[in-house]
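Reading the structure
Below are the chains, spelled out letter by letter.
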Amino acid sequence: MNPESRETHICLVLFIILICGTCLLVSAQEGSKSIKSEEYLAKRPADISGGQAGASANAPKGQRQPGGNKNNAGQRESGKPAKTRDPAPSFVYIVDKDFPVGPPPRNYEYVRIGMTVWRFSPNQCPIPDCPLPKISADSSKGLVDTATRTDDTTPLNNGERVRLGLESLAQSDYIYIIDRERFDDGSMGEAFLIFPTKKIEGGRNWAQPGQQIQLPRANGCFCVKSRNTQRVLLADVLTVVLSRTPLLRPEEVGADAVSVPASLISFLARADKQKTFRGFLKGGSGLAQTAQEQSAGAKGLFDTAPVLTQNDLPPQILYQSLVPIGEVAVFNFSLQYGTPGTKASQSRSP
């Protein structure tokens, strides 16, 4: 090969590599995108305390931290109120490329919920009849004596302890949560209304942005354990119904989980067909539960003041749905158990 041919060949190879790299970059950008979390927390109350413990405690490295009151020389002054506040650390959600942004179409509105799943160690949440989790690639991560976030796509294994946190982000609503089991043959188990119940705040289920519903409340947790030896259980499918008006009479709410009332059954089929958009908090999985989140789980829904503010950590998972203004919104999400071929399910006993 003469020098001119060799140079031409090298240039051609470099050109092909450049084109391929550009195509891969464009493909990656088309597959997902990121959106700032601030817009989706705008309905939470503003933090007027001057502190940012909830957000800054788990802020990604490199994020600006609150500086308190400082004089022009950069030194902290005591006893003087802050004139300006540093912005809260910025977080982003990674969403699919078709996730809608901007204002909704005419006569429609976006309804949004946030969901966070925390994993606990056996020492944190001892349950007498819950087996100790086996160490595996899925279950060993996060099983320390600090409640840690996990994505809803991470399989939960036999013996793990979890707690769910749900928040209405766009508006104040009556919230209903229905649980169904999904088996490996595609069939679904009986539907149970797991929230509201009389055992949780006397059946109260109205909440506003900043009020996080944690299941179970306070120091409880669910145990992931085998309970069906005949069928392979892949997941619990949770259907969340949000309504501006009550959908159940007080007598239809049980002391504990009950078979789903007839007035809610139609929402199950609708949720299975509803187009819902999802995003996950970048860098959120593995973060410890903050003091503000712990307070939200213990405070209860009888307190009218929300616990979480715009400066606290956003929910781990963001769901968004487009509905006619004022209509009931429904969402489906799943808790995945183990891997195909295993038998694991979630015990409803805290």
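The preceding data block contains the structure.
What comes next is a walk through the structure. What you are looking at is a predicted structure, and each value in this text was computed from that prediction instead of being measured. (Residues numbered from 1 in each chain as written. Predicted model: local features only at pLDDT ≥ 70, side-chain atom pairs only at ≥ 80, totals over all residues. Heavy atoms only, no water.)

On to the packing of aromatic side chains. Using the criterion set out here, one finds three aromatic pairs in the structure. Arranged with centres 6.3 Å apart and planes meeting at 80 degrees, the rings of Y40 and F99 form a pair that is edge-to-face. In this pair, Y40 is assigned in the loop between β1 (32–36) and α2 (53–56) and F99 in the loop between β2 (92–96) and β3 (108–120), connecting sequence segments 59 residues apart. The pair Y40 / F99 is uniform in exposure class, with both members buried. Taken together, the aromatic side chains of Y40, F99 and F277 make up a single cluster linked through ring pairs. (Phe/Tyr/Trp six-rings, centres within 6.5 Å; stacked < 30°, edge-to-face > 60°. Helix = DSSP H or I, 4+ residues; strand = E, 2+ residues; numbered from the N terminus. Buried < 20%, exposed > 50% of the residue type's maximum accessible area, 1.4 Å probe, protein only.)

Residue P196 is reached from F195 by a cis peptide bond, and omega for that bond is 5 degrees. Mapped onto the secondary structure, P196 falls in the loop between β7 (192–195) and β8 (206–207). Located in the positive-phi region is E201, a residue other than glycine, with phi close to 55 degrees. Topologically, E201 is positioned in the loop between β7 and β8.

As a further point, take the pattern of salt bridges. Think of it this way: side chains of opposite charge can pair up when their charged atoms draw near. Counted by the stated rule, this structure contains eleven salt bridges. Across the salt bridge formed by E167 and R44, the nearest N and O atoms sit 2.9 Å from each other. In this pair, E167 sits in strand β5 (residues 161–168) while R44 sits in the loop between β1 and α2, placing the two residues 123 residues apart along the sequence. Relative accessible area serves as the criterion here: at 1%, E167 is assigned to the buried category. For R44, a relative accessible area of 3% puts it in the buried group. Between R244 and D173 there is a salt bridge, with its nearest N and O atoms 3.9 Å apart. A residue pair is termed long-range when its members are at least 10 positions apart, and R244 in the loop between β11 (233–243) and β12 (258–259) and D173 in strand β6 (residues 173–183) qualify at 71 residues. For D173, a relative accessible area of 0% puts it in the buried group. Several salt bridges share partner residues, and in doing so they unite E109, D173 and R244 into one network. (Salt bridge = Lys/Arg side-chain N within 4 Å of Asp/Glu carboxyl O.)

What follows is about the state of the cysteines. Counted under the stated rule, the structure contains two disulfides. A disulfide bridge connects C125 with C221, and the sulfur atoms are separated by 1.9 Å. When the S-S torsion is -110 degrees, as for the bridge of C125 with C221, the disulfide is left-handed. Of this pair, C125 sits in the loop between β3 and β4 (148–150) while C221 is found in the loop between β9 (213–215) and β10 (222–225), placing the two residues 96 residues apart along the sequence. The two residues C125 and C221 agree in class, both being buried. Sulfur-sulfur distance for the disulfide between C130 and C223 comes to 2.0 Å. With the S-S dihedral at roughly 85 degrees, the linkage between C130 and C223 falls on the right-handed side. Taken as a pair, C130 in the loop between β3 and β4 and C223 in strand β10 lie far apart in primary sequence, 93 residues in all. (Disulfide = S-S within 2.5 Å.)

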